[in-house]
Amino acid sequence: MIASREATEALAEINEMTRRVRQSPIYNLASLMLIMWGALVFAGYLGSFWLPRYAGYFWTVLNVVGFAGSFVFFAFGSSTTGIRTFDVRTLMAFLLFFAFGFLCTSLLGNFTPRQISTFRPIYFMLLYVIAGLWFGNAFVTIGLSISALALVGYFWVGDWFDLWMAFVDGGGLMLGGLWMRRS
């Protein structure tokens, strides 16, 4: 007969294995998304640095490409892993998140381009930190690191801010994605 303590330990081990198995496809999909978005954000900030007059066009095109790529990753991830990664509630959550960010930056605030370029990464990293509460510390580490470095850039980098953010935000997302693939 199995003792109560042994049963508790066995259940704890099963729960830990289940958590790791479920985390693995989530980390895999998230790491691919981080790498893709990191490359796009990197390109956007470089475009803003070198051709600031056309920054709005760069960001519009890169966001459309990013959302299309995200949709492909979600659709592909669901079919290969068997884990439902996207549904109507997820879509609604993202739409509400974007609507709130738009409301804050466009309607409520009179942000300078530099303030918007600081607010957006910090705002998006909030999602990573919150996701980390459920899916693992990598999300929390990535979110807090990029947010802190964005603030450093805002206050102390001067005219090199967009170049700084290319490496901090874009490069940080790509490094975070590669780190998660290793984990």
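Described in the following lines is the structure provided in the data block. (Residues numbered from 1 in each chain as written. Predicted model: local features only at pLDDT ≥ 70, side-chain atom pairs only at ≥ 80, totals over all residues. Heavy atoms only, no water.)

Some thoughts on helix 3 (residues 88-108)
Alright, step 1. Across its 21 residues, helix 3 extends 28 Å between first and last C-alpha, which sits within 8% of the 30 Å expected from 1.5 Å per residue.
Alright, step 2. Of the residues making up helix 3, those classed as buried are Phe97, Gly101, Cys104 and Thr105.
Alright, step 3. The inward-facing, buried residues of helix 3 abut helix 4 (113-135). (Helix = DSSP H or I, 4+ residues; strand = E, 2+ residues; numbered from the N terminus. Expected span 1.5 Å × (residues − 1). Buried < 20%, exposed > 50% of the residue type's maximum accessible area, 1.4 Å probe, protein only. Contact = heavy atoms within 4.5 Å.)

Here we look at the nonpolar core
Alright, step 1. Counting 27 residues, the largest nonpolar core has Phe139, Leu173 and Met180 as the members making the most contacts within it.
Alright, step 2. Tallying contributions element by element places helix 1 (residues 4-50) first for this core, with 11 residues.
Alright, step 3. Here Met180 is in contact with Tyr27, Ala30, Ser31, Leu34, Ala138, Phe139 and Ile142, once residues within four sequence places are set aside. (Core = buried A, V, L, I, M, F, W, Y, C linked by side-chain atoms within 4.5 Å.)

Brief notes about the side chain of Thr118
Alright, step 1. Structurally, the position occupied by Thr118 is in helix 4.
Alright, step 2. Those residues in contact with Thr118 that sit more than four places away from it in its chain are Ala150, Leu151, Tyr154 and Phe161.

Nothing here speaks to function; it is all geometry.
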